[in-house]
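What follows is the residue order along each chain.
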Amino acid sequence: DTGVSQNPRHKITKRGQNVTFRCDPISEHNRLYWYRQTLGQGPEFLTYFQNEAQLEKSRLLSDRFSAERPKGSFSTLEIQRTEQGDSAMYLCASSSRATNEKLFFGSGTQLSVL
Amino acid sequence: AQSVTQLDSQVPVFEEAPVELRCNYSSSVSVYLFWYVQYPNQGLQLLLKYLSGSTLVESINGFEAEFNKSQTSFHLRKPSVHISDTAEYFCAVSEGFRSQGNLIFGKGTKLSVKP
């Protein structure tokens, strides 16, 4: 088991462009979470999937953000028309009942919007 | 609104000294409490958690935290720190009606252990 994998590690884009991040959870973890972390702050919850169903969404997740987990395995987070305020570390985590819902975090994708 | 306050952004200590990282929360409902640690260039890892039962919880590397409902606190302590404990520590809460993974984090405390 290689843990939660996130790609890319870094993404630099220009304002107005669309970006997509990928998260591969630990296999057999049915729950998957997206968080965002800005400099000097703790992570902020964005959204949560149980299998392929998106069950919770934060008010932080504006209409420009969309997340999917089509087959209940990997997940993608897309940001449309990026803004400078979107610059942050985007973290993915997964869990399962077998691990007593302990969250396993990936190393994150660092987004810089110029 | 629910919130988590970590009172110290940075805590410098010497090796083998005791340390306490403070965490207070506000919530109108029952909560689960967590401490996560982020070592340099690594992802967040769960250090310890309180869900119910004994209010004192321990980690495998000598840290402990005590849930104090009356003071709405969940301070993290270690009687003797090592250089390898240098990391950023995040306190987090999950409210009972949300999924356990929907966490509200504090801003973090950077612990630096000096020889």
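Residues numbered from 1 in each chain as written. Chains lettered and ligands numbered in written order. Predicted model: local features only at pLDDT ≥ 70, side-chain atom pairs only at ≥ 80, totals over all residues. Heavy atoms only, no water.

What about the overall build of chain A?
Here comes step 1: Within chain A one finds 0 helices and 11 strands.
Here comes step 2: Moving toward the C terminus, one meets the helices and strands of chain A in the order β-β-β-β-β-β-β-β-β-β-β.
Here comes step 3: Expected size for 114 residues packed as a compact globule is a radius of gyration near 13 Å; at 13 Å, chain A falls within 12% of this value.
Here comes step 4: Principal-axis analysis of the C-alpha atoms places the extent of chain A at approximately 40 × 25 × 20 Å. (Helix = DSSP H or I, 4+ residues; strand = E, 2+ residues; numbered from the N terminus. Rg over C-alpha atoms; globule rule 2.2 N^0.38 Å.)

Digging into the pattern of salt bridges
Residues and elements named next belong to chain A.
Here comes step 1: Inspection of the entire model under this criterion finds 6 salt bridges over all chains.
Here comes step 2: In this structure, D24 and R22 form a salt bridge, with 2.7 Å as the shortest nitrogen-oxygen distance.
Here comes step 3: Here R22 falls in the partly exposed class, since its relative accessible area comes to 34%.
Here comes step 4: Across the salt bridge formed by D86 and R64, the nearest N and O atoms sit 2.8 Å from each other. One end of the pair, D86, is in the loop between β8 (75-79) and β9 (88-95); the other, R64, is in the loop between β6 (53-57) and β7 (65-68), and 22 residues separate them in sequence. (Salt bridge = Lys/Arg side-chain N within 4 Å of Asp/Glu carboxyl O. Buried < 20%, exposed > 50% of the residue type's maximum accessible area, 1.4 Å probe, protein only.)

Overview of the interface of chain B and chain A
Here comes step 1: Taken together, the 17 residues of chain B in the interface contact 18 residues of chain A.
Here comes step 2: Between chain B and chain A the total buried area reaches about 1400 Å² when both faces are included, carbon and sulfur atoms providing 52% of it.
Here comes step 3: Remark: the boundary between chain B and chain A carries 0 salt bridges.
Here comes step 4: Secondary structure elements with two or more residues in the side of chain B that touches chain A: β5 (31-38) and β6 (45-50) of chain B.
Here comes step 5: Within the side of chain B that touches chain A, the residues separate by chemical class into 7 nonpolar, 7 polar and 3 charged. (Contact = heavy atoms within 4.5 Å. Buried area = accessible area lost by both parts, 1.4 Å probe. Nonpolar A, V, L, I, M, F, W, Y, C, P; charged D, E, K, R; others polar.)

Some points on the pairing of β7 of chain A
Residue and element names in this part refer to chain A.
Here comes step 1: The two faces of β7 differ: F65 and A67 on one face are buried, but S66 and E68 on the other face are not.
Here comes step 2: Sheet analysis places β7 next to β8, joined by 4 bridges and oriented antiparallel. Directly across from E68, in β8, lies its bridge partner T76.
Here comes step 3: Here β7 folds back onto β8, and the loop between the two strands holds 6 residues, one of which, G72, carries a positive phi near 75°. (Pairing = 2+ DSSP bridges.)

Section: the side chain of K78 of chain B
Here comes step 1: Mapping K78 of chain B onto the fold places it in strand β9 (residues 73-78).
Here comes step 2: For K78 of chain B, the contacting residues outside a window of four places in its chain are A17, P18, V19, N61, G62, F63 and D85 of chain B.

Brief notes about the environment of E20 of chain B
Residue and element names in this part refer to chain B.
Here comes step 1: Among the secondary structure elements, E20 is positioned in strand β3 (residues 19-21).
Here comes step 2: Taking C-alpha positions, E20 is 16 Å from A92, a pair spaced 72 residues apart along the chain.
Here comes step 3: Apart from residues no more than four positions distant in its own chain, E20 is found in contact with H75, L76 and R77.
Here comes step 4: Of note is the side chain of E20, whose polar atom sits 2.8 Å from the side chain of R77. (Polar contact = N/O pair within 3.5 Å; in protein donor to acceptor, adjacent residues only side chain to side chain.)

Regarding the state of the cysteines
Residue and element names in this part refer to chain A.
Here comes step 1: One pass over the full model with this rule turns up 2 disulfides over all chains.
Here comes step 2: Two residues, C23 and C92, share a disulfide whose sulfurs are 1.9 Å apart. Its S-S torsion of about -70° marks the bond between C23 and C92 as left-handed, since a negative value means left-handed. Placement of C23 in strand β3 (residues 19-24) and of C92 in strand β9 is noted, with a sequence separation of 69 residues between them. (Disulfide = S-S within 2.5 Å.)

So yeah, pure geometry; function would need other evidence.
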